[in-house]
Amino acid sequence: MKSTKKLLIKVADHLTLIVISSVVILPFLWMITTSLKPPKLAFSSPYLIPTHFYWQNFVNAWQEAPFARYYLNSIIVAISVTFGQVFTSALAAYAFDRFEFPFKRSLWFTLLASMMVPLPLLVIPSFQIIQNLHWADNLAALIIPRAWSAFGILLLRQFIHSIPRDFDDAARMDGASTVRVIWSVILPLARPAVATLALFAFLFAWNDFLWPLIVLNTPENFTVPLGIANFSGKYGTRWTLLMAATVSATIPAVIAFLAMQKSLIRGLASGGINE
Amino acid sequence: MKRTQRSLASILSLAVLATVSLGTGSAIAANKVVKPVTIQFWNYWDGGNGKALSALISEFNKKNPGITVKPVTFPWGDLLPKLQTAIASGTTPALAATDIAWMANMNQSGKLVDLGAALGGIKKATGDIYPSLLTYGLYKGKLQSLPASTNNLSLFYNKDLFRKAGLNPNKPPKTWAEMRAAAIAISNLGNGIQGMEIYVQPGEGLTWQFQPYLWQSGAGFLNKTNTAPTFNSAAGRSALQFLVDLINVDRAATAGQWGAFDKGQAGMRIDGSWMVGGYRENAPFEFGTAMLPIPEGGVRATNMGGEQIMAFKGKAASQAAAVKFIRWFTSAPIQARWDVATNFMPISDTVANSTVILKHVASEPALKAFIDQQKYAQARPAIASYPAVSDAFSKALEPAFYGRVGVAEALANADAAVRKALKSN
C-alpha cells in the first residue's frame, strides 16, 4: 500500500517534470527543425519534428558573413570577461568579508545599489568614456569594463562568508600570504560559487548584443550576436539561415552549461542559506 | 582537475595569442594608410541585397584606386540608434544609407554633407530623379541626401486560390468592392483559408500598410505643414470601416496573424516588390501582382519606401571619396543594375527606361504592377516626430481591427494621440 503511494507520487513528479521540460525543449526543437528545413519549406505549413535534413543552411549561414572571425571574437571576449570577473570578484569578495576598513558598509551598499541600474541606462555614459579612452571599435571595450561585477562580488562574498576563518588561520600559520590564501584555500573551497559566477559571466558576455552593437564598427571586430541579427532585416527574415546560425551560436553556451551544471546547482542552492 | 587546468591554460594562451595577432593586424593597416583613403558605408541591406551591394562596391573600388569603400551591415532596427550614437559622439562613418522614414533625424543632425554644393548644384545632382523622392533629401533648401532605392506597396494574390474559388486568376480586383467580393469567395473555401491578410500589429508596419487606404479614399494623414492630423474625417472613417468589416462582418480576414499568405493560406496581401524574388523561388503557389484596388470614386495611391544615401562631414579626403561614391551609386547605369539585383524600383525615368530594366521586367512580369504604380507613391511626412506619430496612430487603431472599439472612436483617439505626438517634438 505504502509502495503504491510512493510509486504514484513518483509518477506524478515525473509527469510534472516531463511537462516542464517539454516547455523548455520545444523552442529548441523548433529552432533545430527550422535550421534543417530547405528554404522552400520555410514558407509551407510548420512541422515540429525534423523530417528534412538540409545541412546546406549551416554552410550558407557561415558563408554569409565571416562567422569564424565572429566566433573567435566572441570566444576571446567571453573567456576574458569570465576570468576577469572571477579574479576581481574573488579579491573584492574576500576583502569585503574578511577585512575591516573605513567606509566598508557604505561601499558595500553602493556596490549593491549599482546592481539596480539597468544596463541600457549606462550605455551612453559608458560609450563616452570608451570614446575618450580611444577604445571604440576595439575588443578592449567589450572586455575591460565588464571584467568587474557587483553580482559576482555579492555571490562570492556570500559563499566565502560560510567558509570558517580557521581555514585562513591554518594557512597563515603555514606562512601563506593573503593572495595565496585566496588562491589555494578559499577559491577551491568556493568552487560551486566560482563555477556559477563563471557560467553567468560567460553567458552574459556570449549573449550580449546592445553594447557590442554600439561600440563596434568594423565587421572584423563583430561578435556572434551581431552577425546573427543580420539575418532578420527590413526586407524579410531568412528563418532557415537565422536558425542555423542560432543553433551554431548555442553550442558553446550549452557546452559551458553542461560542463558546470553540477557545480552551478550546488552554488545556487548554497547561495540561499548562507547568511 | 589537472586536465581542466591544462586545457584552461591552453585556451587562455590561445586567447592571448589571438588578441596579440589582432593587435598587430590593425597596426599594419594603420601604417599603410598614407594617401589612399578607406571609408565605411553603413547600411542595413542584408542577404541578397547585401551581396549585390558588395559586388557593386568592389567594382567601384577597382575603378577608383586610392579609394576603398567598406560596406558595414547593421540590423535594420539597430542602424538608427547606432547612427544617433555616432552623431552624438562624433564617430560617424563617411557614408550611410538609411530608411527614408529616419531622414528627418539625419537632416537635423547638422553632420550631413551638402550634396548640392558638392555636386555642382541641386539640379545637376538630381537630374531626372522623381521629385516625390527628393522630399526626404531636401532640408532648409539644401540637398543632404539622394535616393539610393525606392519601392512601393502593391497587391499580391494567390492565383491557385483564385482558381479554386471560381475567380479569374488573370483578373485581379481593381476596386475595393471587387477586392471584398474576392476575399469573401476565397474565405468560403474553408479550411482556415483567409480571403485577405491584413497587418494589424501596432507600429510603423500598421501605419505604412494603412496609409494607402486613407489616401485612396481621399482622406489625408497630416496636413501640408505636417502640424495636424487630417485622417479623422468621413473619408478616413470609410477607409477604416472597410477593413474592419472585412475582418469582423465578412469574416474574410483574420486580425492578429501575419504570414498566412506565404504559406498559401490567404488569397491576398499588400506588400512590397522586394517579396517578388523570394516568392518566385520559394512560394508553394502561383502568385500574381496588381496595382492596389481603389474605392468607388477614389484616387490611386500607394506608400513609398526606400533608402537615402548620404555623406557625413569629416576629413576632406574621406568626404570627397564619399561624394564620389554617391554620384556613382545614384547614376542611372548603376541604379539599373542595383534594381535588377534587388527588385527595388527605379528612382528616375532614365533608370526606368534603360534596356537593363526593361529586359528585367519582361523576364519578371510580377514587377510591372510596382513600376506602373511608383508614380502614385506618396511620401510619409518627413518630420522628426514621425516615428512617435506613427506609433501613436497605430496603437489607437489596433483595437478597432479586433472590434473592441468603434471606427469613429478609434480615429478620434488616434487624432488626439497624434496631436500629442506632434507637440512632443
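So, how was this worked out
- Every chain begins its residue count from 1, and numbering advances along the sequence as written.
- Note on labels: chains are lettered from A, ligands numbered from 1, in written order.
- Per-residue local features of the predicted model are confined to residues with pLDDT of at least 70, and side-chain atom pairs are confined, for both listing and counting, to 80 or more; whole-chain, interface and lining totals are unaffected and use all residues.
- Only hydrogens and water are set aside; all other atoms, that is, all heavy atoms of the structure, feed into the side-chain values.
- Labels follow the DSSP assignment, with helices taken as runs of H or I lasting at least four residues and strands as runs of E lasting at least two, numbered in each case from the N terminus.
- When we talk radius of gyration, it's over C-alpha atoms, and the globule rule is simply 2.2 Å times the number of residues to the 0.38.
- Burial classes: relative accessible area under 20% of the type maximum marks a residue as buried, over 50% as exposed, and values in between as partly exposed (1.4 Å probe, protein chains only).
- Every accessible area reported is derived by Shrake-Rupley at a probe size of 1.4 Å, with residue values counting cover from the shown protein chains alone.
- Residues counted as positive are Lys and Arg, residues counted as negative are Asp and Glu, and His and the chain ends are not counted.
- Charge positions come from single atoms, namely NZ of Lys, CZ of Arg, CG of Asp or CD of Glu.
- Between two residues, a contact is recorded if the distance between any of their heavy atoms is within 4.5 Å.
- Throughout, the edges of the domains are those of an automatic or database domain assignment.
- Summed over both partners, the accessible area (1.4 Å probe) lost when two parts come together is defined as the buried area.
- One speaks of a salt bridge when a side-chain nitrogen belonging to Lys or Arg is within 4 Å of a carboxyl oxygen belonging to Asp or Glu.
- Like charges within 9 Å and nonpolar side chains (Val, Leu, Ile, Met, Phe, Trp, Tyr) within 5 Å are joined into patches, using only residues over 30% in relative accessible area that form no salt bridge.
- By the criterion applied in these results, polar contacts are pairs of N or O atoms within 3.5 Å in which, for protein atoms, one can donate a hydrogen and the other can accept it, and in which residues neighboring in sequence qualify only through two side-chain atoms.
- Pairing of aromatic side chains requires ring centres within 6.5 Å, counting the rings of Phe and Tyr and the six-membered ring of Trp. Pairs whose planes differ by under 30 degrees are stacked, by over 60 edge-to-face, and all others tilted.
- In this scheme, Lys NZ or Arg CZ marks a charge over a ring once it lies within 6 Å of the ring centre and within 35 degrees of the ring normal.

(A) Local environment of the overall build of chain B. In terms of helices and strands, chain B carries 18 helices and 12 strands. Against the globule reference of 22 Å for 425 residues, chain B gives a C-alpha radius of gyration of 24 Å, in line with a compact fold. Overall, chain B is about 70 × 70 × 50 Å in size when its C-alpha atoms are taken along their principal axes. Residues counted as buried form 54% of the 425 residues belonging to chain B. Approximately 18000 Å² of chain B is accessible, and the part contributed by carbon and sulfur atoms is 56%. In chain B, 42 positive and 26 negative side-chain charges are present, and the distance between their average locations comes to 10 Å.

(B) Looking closely at the overall build of chain A. What chain A contains, in helices and strands, is 14 helices and 2 strands. Principal axes of the C-alpha set define a box for chain A whose edges measure 75 × 70 × 35 Å. When each of the 275 residues of chain A is scored for burial, the buried share is 45%. Residue pairs in contact within chain A that sit at least 24 positions apart in sequence constitute 72% of those at least 6 positions apart. In chain A, 20 side chains carry a positive charge and 12 a negative one; their mean positions are 11 Å apart.

(C) Region of the structure containing the domain arrangement of chain B. All names here are of chain B. As far as domains go, chain B holds domain 1 (32–150 + 305–372) and domain 2 (152–304 + 378–423). The distance between the C-alpha centroids of domain 1 and domain 2 comes to 29 Å. If you look at the interface, domain 1 gives 22 residues, while domain 2 gives 23 residues. Across the domain 1/domain 2 interface, buried area totals approximately 1800 Å², and carbon plus sulfur atoms make up 62% of it. For domain 1, the biggest contributors to the area lost against domain 2 are Tyr136, Gly305 and Phe370; these three give 33% of the whole. At the junction of domain 1 and domain 2, the tally comes to 1 salt bridge. For Glu364, the salt bridge goes to Arg280, with nearest N and O atoms at 2.8 Å. Residue assignment for the side of domain 1 that touches domain 2 shows that the elements contributing at least two residues are helix H4 (103–108) and helix H16 (368–373).

(D) Region of interest: a nonpolar patch on the surface. Taken together, the side chains of Val19, Ile20, Val23, Val24, Ile25 and Phe28 of chain A present a nonpolar region at the surface, about 560 Å² in accessible area. Inspection of the secondary structure puts Ile20 of chain A in helix H1 (residues 2–35).

(E) Summary view of the interface of chain A and chain B. Listed per partner, the contact involves 35 residues of chain A and 41 residues of chain B. Summed over both partners, the interface of chain A with chain B comes to about 3200 Å²; 64% of that surface belongs to carbon and sulfur atoms. For the pair chain A and chain B, the number of links is 2 salt bridges. Taking the shortest distance from any N to any O, the salt bridge between Lys51 of chain B and Glu64 of chain A comes out at 3.8 Å. Applying the counting criterion to the chain A and chain B interface returns 6 residue pairs in polar contact (both at pLDDT 80 or more). When residues of the side of chain A that touches chain B are traced back to their parent elements, those giving at least two are helix H2 (39–42), helix H4 (67–98), helix H6 (119–132), helix H12 (210–215) and strand S1 (232–233) of chain A. When residues in the side of chain A that touches chain B are grouped by element, the largest group, 6 residues, is from H4 of chain A.

(F) Expanded view of the environment of Leu111 of chain A. Residue and element names in this part refer to chain A. The residue Leu111 is located in helix H5 (residues 104–114) in this model. C-alpha of Leu111 to C-alpha of Ala150: the two residues are 39 residues apart in sequence and 6.0 Å apart in space. Each residue touching Leu111, except ones within four places of it in the same chain, is listed here: Phe96, Ala150 and Ile153.

(G) The arrangement of the environment of Leu83 of chain B in detail. Residues and elements named next belong to chain B. For Leu83, the location among the structural elements is in helix H3 (residues 76–89). Spatially, the C-alpha atoms of Leu83 and Ala96 are 8.8 Å apart, while their sequence positions differ by 13 residues. If near-sequence neighbours (up to four positions away) are discounted, Leu83 is found in contact with Trp42, Pro93, Ala96, Thr98, Met106 and Phe312.

(H) Spatial organisation of the packing of aromatic side chains. Applying the stated criterion across every chain yields a total of 45 aromatic pairs over all chains. Between the aromatic rings of Trp62 of chain A and Phe67 of chain A, the centroid separation amounts to 6.0 Å while the plane-to-plane angle is 40 degrees, which identifies the pairing as tilted. The class of Phe67 of chain A is buried, set by a relative accessible area of 2%. Ring plane angle 35 degrees and centroid distance 6.1 Å describe the contact between Phe156 of chain B and Phe287 of chain B, whose orientation is recorded as tilted. Taken together, the residues Phe156 of chain B in strand S6 (residues 146–158) and Phe287 of chain B in strand S10 (residues 287–290) connect sequence positions 131 residues apart. Note on Phe287 of chain B: relative accessible area 4%, which makes it buried. Among the aromatic residues, those joined into a cluster by ring pairs are Trp62, Phe67, Tyr70, Tyr71, Phe202, Trp206, Phe222 and Phe231 of chain A together with Trp42 and Phe74 of chain B. Here the guanidinium or amino end of Arg157 of chain A rests over the ring plane of Trp108 of chain A, the centre of that ring lying 4.4 Å away.

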